[in-house]
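Architecture and fold: a report
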Amino acid sequence: MDLYLAIVVIMLVLAVAGLVVGVSNDAVNFLNSALGSKAAPRYVIMTVASVGIIVGAITSSGMMEVARSGVFHPQMFTFAEVMLLFLAVMFTNVILLDLFNTLGMPTSTTVSLVFGLLGAAVGICVFKLSSGSVVTMPDGDPASMADMINTGNAMAIIGGILISVAIAFVCGTVVMYITRLIFSFRYQKKLRTVGALWCGIALTAISYFAVFKGLKGTSVIPAHAMAWMEHHTLAMLAAMVAGWSLLMSLLSLLKINILRLTVLAGTFSLALAFAGNDLVNFIGVFVAGVDAYDVAKTTGDSSMLMGSLNDPVVANMLILFLSGLVMVVTLWFSKKARAVSDTEINLARQDVGVERFGSTSISRAIVRSALNVNRNYEKYTPDRIQRFVASRFVPVLNRKDKAPFDLIRATVNLTVASILISSATSLQLPLSTTYVTFMVAMGSSLSDRAWGRESAVYRITGVLTVIAGWFFTALVAFTIAFVVAAALVWGGTIALVVLTVLCAYLLFESTVLHNRKLKKDAAKEAEMKALSDEGSIVDRCIREVTDTMSKVTTIYNQTLIGLFNEDRKLLKQMVRESEALYQAAHERKHEVLPTLLELQENYVETGHYYVQIVDYLDEVAKALVHITRPSFDHINNNHEGFRVDQLEDLKRVNEQVSTIYTKINEMLRTNRFEQLDEILRLRDELFDTLAAAIKSQIKRVKAKASTTRSSILYLTIINETKTMVLQSRNLLKSQKYFLSKS
């Protein structure tokens with residue numbers, strides 16, 4: 001039994017890791033409405049959620065059966081098979097969830113668990129059927145895979161997921177639309193009247209959710225009290241609406257923001273239900289493994305069947321409390337949790353310019369279809385109604401809190417999600433809290449007109465990407481668990497050691513990768529903050545142009561040196577730096593409008609010069625990328641280097657370019673542009689040199705004295721150098737006019 005004790009220890013470590021990566025992913029479910037609306041300072045929101053997690057963990061509602069017998073029939077498996085099955089599931093869950101956290105993508109821990117169990121169980125079944133060690137059914141026939149796998153539950157979960165995604169999105173859209181028609185974006189005056197009733201309804205839904213989803217089946221509420229509430233649901237709900245509405249009205253008279261209280265209450269409720277019901281996704285397999293080990297160690301028989309796992313679970317309060325504690329610590333300190341939250345908040349935020357997803361043909365087609373529907377709406381709807389509806393959806397500009405969305409939408413997200421999850425629970429329908437909360441948030445943001453024509457395509461792509469990731473989770477969880485279970489069964493101890501080491505390595509690598517990305521983002525954010533904090537928009541422009549042109553000079557010079565010496569490592573570094581420079585220049589183009597809004601009134605006339613400067617910077621960086629990337633590819637693919645005469649031509653070009661950029665950088669640093677005509681003269685001389693170089697290369701091509709690839713690279717460098725210098729001189733002129741008019 002020593003081997004199985006080692007497996008239990010490994011499962012314990014994986015359970016802790018599962019709690020960490022699971023909370024990092026699922027924190028998005030209960031934090032984003034409060035964080036996105038800035039209902040309170042972050043530490044207050046986190047404290048409320050932490051209390052909800054602890055309460056939910058220690059009152060966990062007995063969902064542990066899902067891991068023990070919800071997907072497979074344990075009486076058909078031996079102790080040895082069950083332990084390997086559980087271990088395969090835990091390996092799969094930890095790696096898969098950590099991967100999604102590193103990518104900043106929300107996914108469902110429920111789906112990961114269920115399909116991991118299903119995949120591992122199928123893997124063990126294949127081994128049993130192929131080896132002939134199949135359990136006999138009561139009628140004497142050997143058990144088939146259908147007898148060993150609980151396929152009914154698995155299919156019910158899949159169906160529940162598909163239905164919940166559509167229903168959550170539609171409900172979020174409809175409720176948000178009606179709510180915004182009632183309140184508009186200027187809702188402060190209605191909080192004492194309609195607002196109190198709305199908060200009363202929201203708190204009733206949230207309270208019902210907390211009781212029936214978070215506390216049902218626990219020792220907190222006695223069974224007879226729960227039964228009474230279930231038989232008098234309508235009366236209880238009516239009383240709760242009246243009571244909460246009256247309380248909210250009184251608090252509103254005391255000038256307390258009742259929307260903030262409602263959002264915080266919803267955050268507590270979702271956190272409580274998350275910990276109480278989703279805890280099985282993180283420690284359920286470990287607890288089942290410990291129970292199986294306790295049963296088997298008394299007999300020492302690893303071949304005994306595990307029908308005892310069908311018995312009700314007796315919760316260990318210490319394990320539940322410690323699990324809740326780990327979840328709270330993770331919630332406060334996990335950087336990956338913030339990355340997952342940022343994805344959903346950015347997809348739902350009211351303003352544009354933060355899209356991290358691209359455009360796809362599907363998203364474009366959806367937007368075009370929506371525009372066609374809108375044209376029909378405008379064609380057949382009276383103008384008076386259109387004007388009224390439009391007036392309710394005019395957002396408040398320049399809000400002081402700079403929140404991605406307002407408190408009204410946050411309450412809609414929490415209320416609709418609570419109602420849907422509570423309804424599904426009362427009907428005993430399986431669903432994922434991640435899917436429901438995410439799709440409600442997306443539906444409400446769509447209805448709130450956050451998805452304007454400027455951002456709709458990219459946000460739809462983001463939503464489709466997340467949804468595809470959910471189904472990808474199911475497929476990958478099943479596949480990996482199947483493979484890992486098969487490897488453990490056939491590979492034995494060797495496979496156990498290899499997989500343990502591999503799991504640890506993958507977790508370490510993903511953490512290093514994520515920390516590297518965080519450092520890069522933090523450095524970029526610090527740089528942008530420094531630019532915005534130091535001086536006016538004019539000072540920022542000077543600094544940006546000066547820094548960019550200095551980097552261009554260095555990268556161009558180092559690229560040609562790397563090409564001359566066929567230094568692959570140097571060229572690879574220059575490609576990275578040039579692409580980063582181009583990315584920064586490209587992002588700066590998207591920030592032109594917010595920057596122009598910052599210009600003071602006396603700078604408005606010079607705004608078009610700033611637009612030109614940004615465009616020229618983008619063109620210079622693009623030309624530089626078109627030099628560095630082909631140069632690296634040429635050397636990286638071991639193509640023949642340049643001839644001596646080609647190198648001599650490029651060295652002359654490099655010397656002239658260096659001279660030009662030395663003067664350009666000096667003028668930019670000093671803001672003195674007396675030598676602008678000298679730059680024009682040097683540019684013309686360079687162009688003559690470039691023309692002569694092209695003629696020389698044509699002669700070499702005709703004489704077949706140069707390879708095709710080296711000729712193409714040579715001409716590319718010449719042409720892109722010409723573009724780069726030309727745009728640099730244009731940038732210098734625009735900078736001069738911008739500063740002179742500012």
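Because the structure is predicted, anything quoted here is derived from the model rather than measured.

Focus: the overall build of the chain
- Each helix and strand counted, the chain has 25 helices and zero strands in total.
- Burial analysis of the chain (742 residues in total) assigns 51% to the buried set.
- Contacts spanning at least 24 positions in sequence make up 85% of the contacts within the chain whose residues lie at least 6 apart.

A closer look at the layout of surface pockets
- By volume, the second largest pocket is sized at about 990 Å³.
- Ala370, Asn374, Leu446, Arg449 and Trp451 are, among the 28 residues lining the second largest pocket, the residues nearest its centre.
- Elements that contribute at least two residues to the lining of the second largest pocket include exactly helix H7 (151–183), helix H14 (361–380), helix H15 (383–392), helix H17 (433–447) and helix H18 (456–533).
- Residue contributions to the lining of the second largest pocket peak at nine residues, all from H14.
- Its residues placed into classes, the lining of the second largest pocket shows 19 nonpolar, five polar and four charged.

With respect to helix H12 (residues 317–333)
- A rise of 1.5 Å per residue sets the reference length of H12, with its 17 residues, at 24 Å; its end C-alpha atoms lie 24 Å apart and thus fit the reference within 8%.
- All buried positions along H12 are accounted for by Leu320, Ser323, Gly324, Met327, Val328, Thr330 and Leu331. One face of H12 carries all of its buried residues, which in axial projection span an arc of 165 degrees. Facing away from the buried side of H12 by more than 90 degrees, the exposed set consists of Leu318 and Phe333.

Quick word on the packing of helix H2 (residues 42–58) against H12
- At a minimum axis distance of 8 Å, the contact between H2 and H12 shows a crossing angle of 160 degrees. Regarding the angle of H2 to H12, the classification is roughly antiparallel. In this structure, H2 crosses over H12, and the sense of that crossing is right-handed. Residues Tyr43, Met46, Thr47, Ala49, Ser50, Ile53, Ile54, Ala57 and Ile58 of H2 pack against Met317, Leu320, Phe321, Gly324, Leu325, Met327, Val328, Leu331 and Trp332 of H12.

A closer look at the environment of leucine 117
- Here leucine 117 is to be found in helix H5 (residues 109–131).
- For leucine 117, a relative accessible area of 0% gives the class buried.
- For the pair leucine 117 and phenylalanine 72, spaced 45 residues apart in the sequence, the C-alpha separation amounts to 7.8 Å.

Some details on the pattern of salt bridges
- This structure, assessed with the given rule, holds 13 salt bridges.
- Put simply, aspartate 649 and arginine 700 hold a salt bridge, and the shortest N to O gap is 3.4 Å. Of this pair, aspartate 649 sits in helix H23 (residues 644–670) while arginine 700 sits in helix H24 (residues 676–702); the two residues are 51 residues apart in sequence, bridging distant segments of the chain. Per residue, the accessibility class of aspartate 649 equals that of arginine 700, and both read buried.
- In this structure, arginine 681 and glutamate 685 form a salt bridge, with 2.4 Å as the shortest nitrogen-oxygen distance. Of this pair, arginine 681 and glutamate 685 both sit in helix H24, four residues apart, roughly one helical turn.
- Take arginine 681: its relative accessible area is 38%, and that puts it in the partly exposed class.
- Linked through salt bridges whose partners overlap, the residues forming this network are Arg643, Asp645, Asp649, Arg652 and Arg700.

Some remarks on the environment of alanine 705
- Checked against the element boundaries, alanine 705 lands in the loop between H24 and helix H25 (708–741).
- A relative accessible area of 28% means that alanine 705 is categorised as partly exposed.
- As a C-alpha pair, alanine 705 and arginine 643 span 62 residues in sequence and 8.8 Å in three-dimensional space.

Considering H2
- Here H2 spans 24 Å end to end across 17 residues, near enough to the 24 Å set by a 1.5 Å rise per residue.
- When we look at burial in H2, the residues that qualify are Ile45, Met46, Ala49, Ser50, Gly52, Ile53, Gly56 and Ala57. Projection of H2 onto a plane perpendicular to its axis shows the buried side chains occupying an angular sector of 165 degrees, all on one side.

So, the packing of H23 against H24
- Two elements in contact, H23 and H24, have axes separated by 10 Å at closest approach and are oriented at 165 degrees. By the angle between their directions, the pair H23 and H24 is classed as roughly antiparallel. At the point where H23 passes H24, the crossing takes the left-handed sense.

Re the confidence of the model for the chain
- Per-residue confidence for the chain gives a mean pLDDT of 78, with 80% of residues at or over 70.
- In the predicted structure, residues 531–535 sits below a pLDDT of 50 and forms seven contacts with residues beyond four places in sequence or in another chain.

Details of the packing of aromatic side chains
- Counted by the stated rule, this structure contains four aromatic pairs.
- Ring centres of phenylalanine 127 and tryptophan 490 lie 5.2 Å apart, and the angle between their planes is 85 degrees; this geometry places the pair in the edge-to-face category. Here tryptophan 490 lies in helix H18 and phenylalanine 127 lies in helix H5, a separation of 363 residues in the sequence.
- Over the face of the ring belonging to phenylalanine 564 we find lysine 651, whose NZ or CZ atom lies 5.8 Å from the ring centre.
- The side chain of arginine 700 reaches across the aromatic face of tyrosine 714, ending 5.3 Å from its centre.

What counts and how
Residues numbered from 1 in each chain as written. Predicted model: local features only at pLDDT ≥ 70, side-chain atom pairs only at ≥ 80, totals over all residues. Heavy atoms only, no water. Helix = DSSP H or I, 4+ residues; strand = E, 2+ residues; numbered from the N terminus. Buried < 20%, exposed > 50% of the residue type's maximum accessible area, 1.4 Å probe, protein only. Contact = heavy atoms within 4.5 Å. 1 Å grid on protein atoms, 1.4 Å probe; cavity = no way out; pocket = protein on both sides within 12 Å on 5 of 7 lines; lining within 4 Å. Points joined across faces, edges and corners; volume = space filled by probe spheres on them. Nonpolar A, V, L, I, M, F, W, Y, C, P; charged D, E, K, R; others polar. Expected span 1.5 Å × (residues − 1). Arc of directions from axis to C-beta. Axes fitted to C-alpha atoms, helices over the stretch in contact; angles between N-to-C directions. Parallel < 35°, antiparallel > 145°, perpendicular 65-115°, else oblique. Left-handed = near helix turned anticlockwise from the far one by under 90°. Salt bridge = Lys/Arg side-chain N within 4 Å of Asp/Glu carboxyl O. pLDDT = per-residue confidence, 0-100. Phe/Tyr/Trp six-rings, centres within 6.5 Å; stacked < 30°, edge-to-face > 60°. Lys NZ or Arg CZ within 6 Å of the ring centre and 35° of its normal.

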